[in-house]
Amino acid sequence: MPLMKSWVESANLASTDFPLNNLPCGVFSVADDAPRCGVAIGDFILDVAALEAEGLLSLADHPVFDVPFWNEFMELGSEAWADFRTQVTAMLAEGASKRWIVEDHLVPRAGATLHLPFLISEYTDFYAGRNHAFNVGSMFRDPENALPPNWLHIPIGYNGRASSVVVSGTDVRRPLGQLKPPGADVPYFGPSKRFDFELEMGAVVGRGSDGPVSVAEADAMIFGYVLLNDWSARDIQAWEYQPLGPFQAKATATTISPWIVMKAALEPFRVPTPAREVPLLPYLREPGPMLYDIALEVGLTPEAGAETVITRTNYAQMYYSAPQQLCHHTSSGCAMNIGDLLGSGTISGPIRESRGSLLELSWGGKEPLPITGGSRSFIEDGDTITLRGHAAGDGYRIGFGDCAGRLLAAKDLPDWAK
Ligand code: MN
């Protein structure tokens, strides 16, 4: 599909994340306005709450956009999702007849504050990247036992905390936790010294389920995708993770991009998962391509210094797709709700320059990664980590906006913890 031309000139640039083909969903406010739903188009945000109030955008018998989340719109179902794209596309396309009215509801993105785009119901994070699982397993155990025996059969995950999810631009505080360094006889309580990021995609569930669903049904339940940084305290993780998996190591924060890219915008970029090393059980087999060709990168910017891009990889590297993960998640009868968020797992490519975490990039701190003006084993106070991603079309790209967070120094140890 070629670029769809808009009368919003900045939406026609090959460099924008937000051409007419994209129309991602966010929540914004300007000055002291109440946060409400908006759609990114070029350098602007289309105020869909205002359009709805004027009767120019009609999808239901009640308003759904004058709220600080997209959950009510998701609730309308997939026909309304498609109808919405048709209506908004017609308003913004070159030669649109209502341009003179719509123009009044374009807000410059530069002056707007972006908020979490949806109410997160529950958050589950997976471990579905083969390169990442092999690398981490090699470090935490050994290369012979790197992949757990279930890994090639099940998309492994853990139940995270919805309360940990924050929008891009939110500062993250270095966590305190219980630590037991290698060789130490006893644990102690203090700031994490091995704080890390994980480059992931998040799938947003837009339709609930009550009972097991197929992979095809799971795909239909997904509303869209975001970039996701699963901040991880590796030293807390190493001490706590057996036998029940990550807990406090992953509970500090999870940053997502401010824009949900609807599945419809990503359709031209579908790709199949890589070849299976062992056949999957029938319930997990993909009826069609369910990953996406999305180029990803991570930048690290020290407090006083220039950004270094420290990794480049692609979502197509994942071994399991989000619909496979969602299908497996429901297999026990686990109900899913609108607003559930599924983290893909860390997206690492096959070579060093494509690894999706500092743990892997510095190989557990043994090989510090060179950056402009220094090096890093793990994240230092004041560093900003920025995830970016886009699918590349013919003369345009479908992007997510930056998914960024800055690490603040740990708070002093409270008296009750000394
Ligand atoms: Mn993760």
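Definitions and cut-offs
Residues numbered from 1 in each chain as written. Predicted model: local features only at pLDDT ≥ 70, side-chain atom pairs only at ≥ 80, totals over all residues. Heavy atoms only, no water. Helix = DSSP H or I, 4+ residues; strand = E, 2+ residues; numbered from the N terminus. Rg over C-alpha atoms; globule rule 2.2 N^0.38 Å. Buried < 20%, exposed > 50% of the residue type's maximum accessible area, 1.4 Å probe, protein only. Contact = heavy atoms within 4.5 Å. Phe/Tyr/Trp six-rings, centres within 6.5 Å; stacked < 30°, edge-to-face > 60°. Lys NZ or Arg CZ within 6 Å of the ring centre and 35° of its normal. Salt bridge = Lys/Arg side-chain N within 4 Å of Asp/Glu carboxyl O. Polar contact = N/O pair within 3.5 Å; in protein donor to acceptor, adjacent residues only side chain to side chain. Core = buried A, V, L, I, M, F, W, Y, C linked by side-chain atoms within 4.5 Å. Domains from an automatic or database assignment. Buried area = accessible area lost by both parts, 1.4 Å probe. Disulfide = S-S within 2.5 Å. Pairing = 2+ DSSP bridges.

K.L.:
Hey, could you go over the overall build of the protein for me, with residue numbers and the actual values?
P.N.:
For the protein, the count of helices and strands is 10 helices and 27 strands. Taken against the 2.2 N^0.38 rule, which gives 22 Å for 418 residues, the C-alpha radius of gyration of the protein at 21 Å falls within 12% of a compact globule. Its C-alpha atoms put the protein at 75 × 50 × 40 Å along the principal axes. Scored against the burial criterion, the 418 residues of the protein give a buried share of 54%. In the protein, once contacts between residues fewer than 6 apart in sequence are set aside, the share between residues at least 24 apart is 72%.

K.L.:
Before we move on, could you go through the packing of aromatic side chains and cite the residues and values that matter?
P.N.:
Applying the stated criterion across every chain, the model contains 17 aromatic pairs. Ring centres of F73 and F223 lie 6.1 Å apart, and the angle between their planes is 75 degrees; on these two criteria the pair is classed as edge-to-face. Of this pair, F73 sits in helix α2 (residues 71-75) while F223 sits in strand β14 (residues 222-230), placing them 150 residues apart in sequence. For the pair F73 and F223, one class covers both residues: buried. Seen in terms of ring centroids, F195 and W231 are 5.9 Å apart; in terms of plane orientation they differ by 5 degrees. Their pairing is stacked. Here W231 lies in the loop between β14 and β15 (232-233) and F195 lies in strand β12 (residues 195-196), a separation of 36 residues in the sequence. Cluster of aromatic residues (ring-pair linked, three or more members): F65, W70, F73, W81, F84 and F223. Above the ring of Y319, the side-chain terminus of R276 is found at 3.8 Å from the ring centroid.

K.L.:
For the pattern of salt bridges, give the residues involved together with the corresponding values.
P.N.:
Scanning the entire structure with this criterion turns up 22 salt bridges. For E380, the salt bridge goes to R376, with nearest N and O atoms at 3.7 Å. A network of salt bridges, in which partner residues are shared, links D196, E198, D230, R234 and K250.

K.L.:
Which residues make up the side chain of R36, and what values go with them?
P.N.:
One can find R36 in strand β2 (residues 36-41). At a separation of 2.9 Å, a polar atom in the side chain of R36 contacts the side chain of D47. If we ignore the near neighbours within four places in the chain, the residues touching R36 are G26, V27, F28, D47, A49, F65, D66 and V67.

K.L.:
Would you mind going over unusual backbone geometry in detail, with residue names and values included?
P.N.:
In this structure, P243 follows Q242 across a cis peptide bond, with omega equal to 10 degrees. Here P243 is to be found in the loop between α7 (234-240) and β16 (254-256). Positive phi outside glycine occurs at L23, with the angle close to 55 degrees. Tracing the sequence through the fold places L23 in the segment before β1 (25-29).

K.L.:
For the nonpolar core, give the residues involved together with the corresponding values.
P.N.:
F197, M201, Y225, I294, I310 and Y315 are the most contacted members of the largest nonpolar core, which totals 64 residues. Looking at this core element by element, the count peaks at 4 residues for strand β13 (residues 199-205).

K.L.:
Can you tell me about the domain arrangement of the protein, naming the residues and giving the values?
P.N.:
On domain assignment, one finds that the protein holds domain 1 (9-115) and domain 2 (123-417). Of note, the centres of domain 1 and domain 2, computed from C-alpha atoms alone, are 29 Å apart. Residue-level contacts link 26 residues of domain 1 with 25 residues of domain 2. Together domain 1 and domain 2 conceal approximately 2000 Å² of surface at their shared face, both sides included; 68% is due to carbon and sulfur atoms. Three residues stand out in domain 1 for area buried against domain 2, namely D17, M74 and W81, and they jointly supply 28% of the buried area on that side.

K.L.:
Tell me about the state of the cysteines, and name the residues and values.
P.N.:
One pass over the structure, following the stated rule, counts 0 disulfides. Left unpaired, C37 is separated from the closest cysteine sulfur, that of C25, by 7.9 Å. A residue is classified by how much of its surface remains accessible, and C37, at 0% relative accessible area, is buried. This cysteine, C334, is not joined by any disulfide, and C327 carries the nearest cysteine sulfur, 12 Å off. The exposure class of C334 is partly exposed, given its relative accessible area of 29%.

K.L.:
Any chance you could break down the pairing of strand β21 (residues 308-314) for me, citing the residues and the numbers?
P.N.:
Of all 7 residues making up β21, 5 are buried, and the element is well covered by its neighbours. Pairing geometry for strand β20 (residues 295-301) and β21, over 6 bridges, is antiparallel. By the bridge assignment for β21, L296 is matched with T313. Hairpin geometry of β20 and β21 is characterised by an intervening segment of 6 residues between the two adjacent antiparallel strands.

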